[in-house]
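Architecture at a glance
Chain residues, written in single-letter form:
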Amino acid sequence: MVIKEIIKAHREKLPERRKGYTQKAIVGGHKVYLRTGEYKDGSLGEIFIDMHKEGAGFRAMMNNFAIAVSVGLQYGVPLEEFVDAFTFTKFEPSGMVQGNDSIKNATSILDYIFRELAVSYLDRTDLAHVAPQGASFDDVGRGVEEGVSNVSELSESAATKSLEVLKQISSTGYLRKRVPQELVVLQGGGGPVTTLETLVPEARNSAGMPEVKGASTIAAPAATTAIATGSVSIDAATKARMQGYEGEACGECGNYTLVRNGTCMKCNTCGATSGCS
């Protein structure tokens, strides 16, 4: 007995509210707008191609081509297949590319588009004329080569939660597939301040402020602000500046509560002014 099994392809549609990015460039003097849509995991799910000052027939063909590629992506066709099929195709407009930091020349509009998608979503730096700098978008420079470390490791749970939030709110293509694999915290400048260990507040206290468990260290120019349990503590001078006090004594009552009142000064304690009403 022969059993014939039929497997139907399943189309995975994108979420109603999705991430993506828009890239404007000029290819051979013709403006091209490439827009993308991404799944929740950051993989490419759709593209839109808009041409500027082109004929209606050519624009319609490009729009429908973008729809065909998008449907293929949603049915599971790997982006690598489209890249291999359409890069190095030759037709006009072609030539120098302006406005793209990685692609500087293209043999056609399709060659440019799939070079850009390959660099942004597949990390195909071999198709870029100028490779994106660094192993990831958050590289910290040459401190390691000089034997100077300016990073400290976060706890495993804090780093995992922080990366999850970053991946949810950022576009993979916009970052050119350079989302960090692990999270580190810079240590530079003046004294340390205590800040959040995670990016997600877990509870709120009685005052309605978010409470965050745990703490890690991040350097700041001045250690005047501390965030530990959601409450913010600042010194008196900083608080006075935030309230608008200029730091001068009132000529009537002697209090340092003068605030700017137009071109003059006004005392918030006794109401006296320096000549203006």
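Residues numbered from 1 in each chain as written. Predicted model: local features only at pLDDT ≥ 70, side-chain atom pairs only at ≥ 80, totals over all residues. Heavy atoms only, no water.

Here's the deal with helix H2 (residues 79-86)
To keep things clear, this is the line we draw: Burial here depends on accessible area, computed with a 1.4 Å probe over protein chains only, as a share of the maximum for the residue type. Under 20% is buried, over 50% is exposed, and the range in between is partly exposed. Elements are defined by DSSP. Helices are runs of H or I of four residues or more, strands are runs of E of two residues or more, and each kind is numbered from the N terminus. As used here, the arc is the angular range of directions from the helix axis to the C-beta atoms.
Among the residues making up H2, those that are buried are Leu 79, Phe 82 and Val 83. Axial view of H2: buried residues confined to an arc of 100°, hence all on one face. A positive backbone phi angle near 70° is found at Phe 88, which sits one or two residues after H2.

Concerning the packing of H2 against helix H3 (residues 109-122)
Filter applied, for reference: In this analysis, axes come from line fits to C-alpha atoms, helices being fitted only over the stretch in contact, and the angle between any two N-to-C directions falls in the range 0 to 180 degrees. Left-handed describes a crossing in which the near helix is turned anticlockwise from the far one by less than a right angle; the clockwise case is right-handed. The criterion used for residue contact is that any of the two residues' heavy atoms lie within 4.5 Å. Three categories are distinguished: nonpolar for Ala, Val, Leu, Ile, Met, Phe, Trp, Tyr, Cys and Pro, charged for Asp, Glu, Lys and Arg, and polar for the others, with Gly belonging to the last.
Two numbers describe how H2 lies on H3: the axes approach to 9 Å, and their chain directions differ by 145°. Note that H2 runs across H3; the crossing there is left-handed. Judged by residue contacts, Leu 79, Glu 80, Phe 82, Val 83 and Phe 86 of H2 engage Leu 110, Asp 111, Phe 114, Leu 117, Ala 118, Tyr 121 and Leu 122 from H3. Class assignment for the residues of the contact of H2 with H3 results in 10 nonpolar, no polar and two charged.

Notes on the environment of Tyr 39
The residue Tyr 39 is located in the loop between strand S2 (30-38) and strand S3 (44-51) in this model. Considered as a pair, Tyr 39 and Lys 19 are 20 residues apart in the sequence and their alpha carbons are 7.4 Å apart. Residues in contact with Tyr 39, not counting those within four places in the same chain, are Glu 12, Lys 13, Leu 14, Pro 15, Lys 19, Leu 44, Gly 45, Leu 73 and Gln 74.

Brief notes about the confidence of the model for the chain
Regions with low pLDDT should not have their predicted coordinates read in detail. Here is the rule we go by: The pLDDT score gives, residue by residue, the confidence of the prediction method on a 0 to 100 scale.
Per-residue confidence for the chain averages 73 on the pLDDT scale, and 60% of its residues sit at or above 70. The element-level mean pLDDT for the chain is lowest in strand S12 (residues 226-227), coming to 38, with H2 highest at 94. Throughout residues 188-203 the model reports pLDDT below 50, and contacts reaching past four residues in sequence, or to other chains, amount to 57 contacts. Counted against residues more than four places away or in other chains, residues 212-232, with its pLDDT under 50, gives 64 contacts.

Some points on the side chain of Thr 257
Our working rule: Here a polar contact means two N or O atoms within 3.5 Å. Within protein one must be a hydrogen donor candidate and the other an acceptor candidate, and residues neighboring in sequence count only if both atoms are side-chain atoms.
Locating Thr 257 in the fold gives a position in the loop between helix H5 (236-242) and strand S14 (258-261). A polar contact is formed between the side chain of Thr 257 and the side chain of Thr 269, at a distance of 2.8 Å. Apart from the residues lying within four places of it in its own chain, the contact partners of Thr 257 are Tyr 245, Glu 248, Lys 266, Cys 267, Asn 268 and Thr 269.

A few points about the pattern of salt bridges
Keep this limit in mind: In what follows, salt bridge is the name for a side-chain nitrogen of Lys or Arg lying within 4 Å of a carboxyl oxygen of Asp or Glu.
For the structure on display, the rule yields four salt bridges. A salt bridge links Asp 50 to Arg 35; its shortest N-O distance comes to 3.6 Å. Of the two residues, Asp 50 sits in strand S3 while Arg 35 sits in strand S2, which places them 15 residues apart along the sequence. Residue classification places Arg 35 among the partly exposed residues on the basis of a relative accessible area of 34%. Salt-bridge contacts for Arg 124 lead to Asp 126; the nearest nitrogen and oxygen are separated by 2.9 Å. The exposure class of Arg 124 is partly exposed, given its relative accessible area of 25%. According to the relative accessible area criterion, Asp 126 is exposed, its value standing at 56%.

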